[in-house]
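What follows is the residue order along each chain.
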Amino acid sequence: MEKIERRKIMSLKNTDIAVKNWEEKDYQLVEVQEWFEYKGNEREHAGWKYVIVLPRLRYEKVAVKVANPNGEVPFISSEKLAELGSATVTFTNLNIGMYTRTAKNSEFVSLELSAKADGISLAKEPAK
């Protein structure tokens with residue numbers, strides 16, 4: 001009969017993991033979504049989520065949340081972005097981190113990227 005060796009399982013916190021080598025000077029914006037926060041049963045506008053791609057992370061898509069609770073329109077509309085195809089943008093104080101997500105009745109955990117920034121602007125004027 002074979003002896004079964006027990007291995008020590010190491011627990012890991014998502015704060016122990018750092019996302020490295022993701023920073024770019026400019027980012028490709030591919031989608032704009034409204035961002036809501038829920039307070040009780042009320043849904044309140046909190047700002048906008050700007051979906052960018054990260055070339056250094058195998059073109060992973062990340063939604064960057066930019067707070068704008070009083071603003072009714074994003075700095076670029078979804079229609080204008082669709083017309084352009086994509087836009088090159090820069091962020092003020094961009095911070096990308098990680099969080100964990102588990103599916104119901106599953107032991108598998110996935111690591112997801114999250115991002116926030118203080119502001120966003122076009123990096124250069126689109127060609128006309």
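An account of the accompanying structure is given in this report. (Residues numbered from 1 in each chain as written. Predicted model: local features only at pLDDT ≥ 70, side-chain atom pairs only at ≥ 80, totals over all residues. Heavy atoms only, no water.)

**Overview of the overall build of the protein**
Helix and strand counts for the protein come out as one helix and seven strands. Sequence-ordered secondary structure for the protein, helices as α and strands as β, is β-β-β-α-β-β-β-β. Classification of the 128 residues of the protein by burial places 24% in the buried group. Element-wise, carbon and sulfur atoms account for 46% of the exposed surface of the protein, whose accessible area totals about 10300 Å². (Helix = DSSP H or I, 4+ residues; strand = E, 2+ residues; numbered from the N terminus. Buried < 20%, exposed > 50% of the residue type's maximum accessible area, 1.4 Å probe, protein only. Areas by Shrake-Rupley, 256 points an atom, 1.4 Å probe, with all protein chains shown as cover.)

**Points about the packing of aromatic side chains**
Counted according to the given criterion, the structure contains two aromatic pairs. Ring centres of Tyr27 and Phe91 lie 5.9 Å apart, and the angle between their planes is 55°; this geometry places the pair in the tilted category. Of the two residues, Tyr27 sits in strand E1 (residues 27-39) while Phe91 sits in strand E4 (residues 87-92), which places them 64 residues apart along the sequence. The exposure class of Tyr27 is buried, given its relative accessible area of 5%. Here the basic side chain of Arg43 rests over the ring of Phe36, its NZ or CZ set 3.7 Å away from the ring centre. (Phe/Tyr/Trp six-rings, centres within 6.5 Å; stacked < 30°, edge-to-face > 60°. Lys NZ or Arg CZ within 6 Å of the ring centre and 35° of its normal.)

**Observations concerning the environment of Tyr99**
With respect to the helices, strands and loops of the structure, Tyr99 is situated in strand E5 (residues 95-102). On a C-alpha basis, the gap between Tyr99 and Ser110 in space is 8.4 Å, while along the polypeptide they are eleven residues apart.

**A few points about the nonpolar core**
Of all hydrophobic cores here, the largest spans 20 residues; its most connected members are Leu29, Tyr50, Ile52, Val64, Phe91 and Leu94. Contributing elements (two or more residues each) for this core: E1, strand E2 (42-54), strand E3 (60-67), E4 and strand E6 (109-117). The leading source of residues in this core is E2, at four residues. Ignoring anything within four residues of it in the chain, the contact list for Ile52 reads Tyr27, Gln28, Leu29, Glu60, Lys61, Val62, Val64, Val89 and Phe91. (Core = buried A, V, L, I, M, F, W, Y, C linked by side-chain atoms within 4.5 Å. Contact = heavy atoms within 4.5 Å.)

**With respect to the sheet that holds E3**
Taken in spatial order, the seven strands of this open sheet run E5-E6-E3-E2-E1-E4-E7, and their pairing is mixed. A strand with exactly one partner marks an edge of an open sheet, and here the two such strands are E5 and strand E7 (119-122). Each strand of the sheet is rotated relative to its neighbour by a mean of 35°, with strand direction disregarded. Where E1 meets E2, eleven bridges bridge the pair, whose relative direction is antiparallel. Bridged to Tyr38 within E2 is Arg43. (Pairing = 2+ DSSP bridges. Axes fitted to C-alpha atoms, helices over the stretch in contact; angles between N-to-C directions.)

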